[in-house]
Amino acid sequence: MDGFLKVDFGTPLMLLGVAVIFFLLCIPMLIHGLIRRRKFSTLRDGEQTYSLRSSIRTELIMSALAAVLLVVCLVAGSGGYGRAMDNLQANIEREFSPTELDIHFWTGSSAVANISLPDGSSYEPATISLEDGYRPVINEASRNDQLPVNPDTSS
């Protein structure tokens, strides 16, 4: 691995996606359970059965469980994403020793950053991709303002 730290964005992003799914489960189930509980409290004594009360309780417990799993996935996902960004920055600093480094975001296959190197070269913005062994490689980002306005398509 050549001494570079592991940069893994896949698992944290997957956990954040699972957190969204738990959110989509938790909120409607909680609202439905609370509506059912309010309606249950207005029923007469003979209509308030144990099975109805039990199913409402089960629905609210499942909603609470989904909320707990939502929080766990959010904490683990955001912590993992932060750790991966820290490792990416450490790998870039180890490889290039930049005088200035500002990582904007991770695109899934590369990072977009502004970087200035000790030799005076500056890349604003640059894409920083990773090779095998998590070694960073700087590529200049393609910018739309550098494209020709009217390209010649007559050939």
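For the structure, check the block above.
Residues numbered from 1 in each chain as written. Predicted model: local features only at pLDDT ≥ 70, side-chain atom pairs only at ≥ 80, totals over all residues. Heavy atoms only, no water.

Further remarks concern unusual backbone geometry. With omega at -10 degrees, the peptide bond leading from Glu 124 into Pro 125 counts as cis. Position of Pro 125 relative to the elements: it lies in strand β3 (residues 122–130). Even without being a glycine, Ser 97 presents a positive backbone phi close to 50 degrees. The residue Ser 97 is located in the loop between α2 (50–96) and β1 (100–106) in this model. According to the relative accessible area criterion, Ser 97 is partly exposed, its value standing at 44%. The backbone phi angle of Tyr 134 is positive, close to 65 degrees, even though this residue is not glycine. Take Tyr 134: it is sitting in the loop between β3 and β4 (136–140). Owing to a relative accessible area of 23%, Tyr 134 belongs among the partly exposed residues under this scheme. (Helix = DSSP H or I, 4+ residues; strand = E, 2+ residues; numbered from the N terminus. Buried < 20%, exposed > 50% of the residue type's maximum accessible area, 1.4 Å probe, protein only.)

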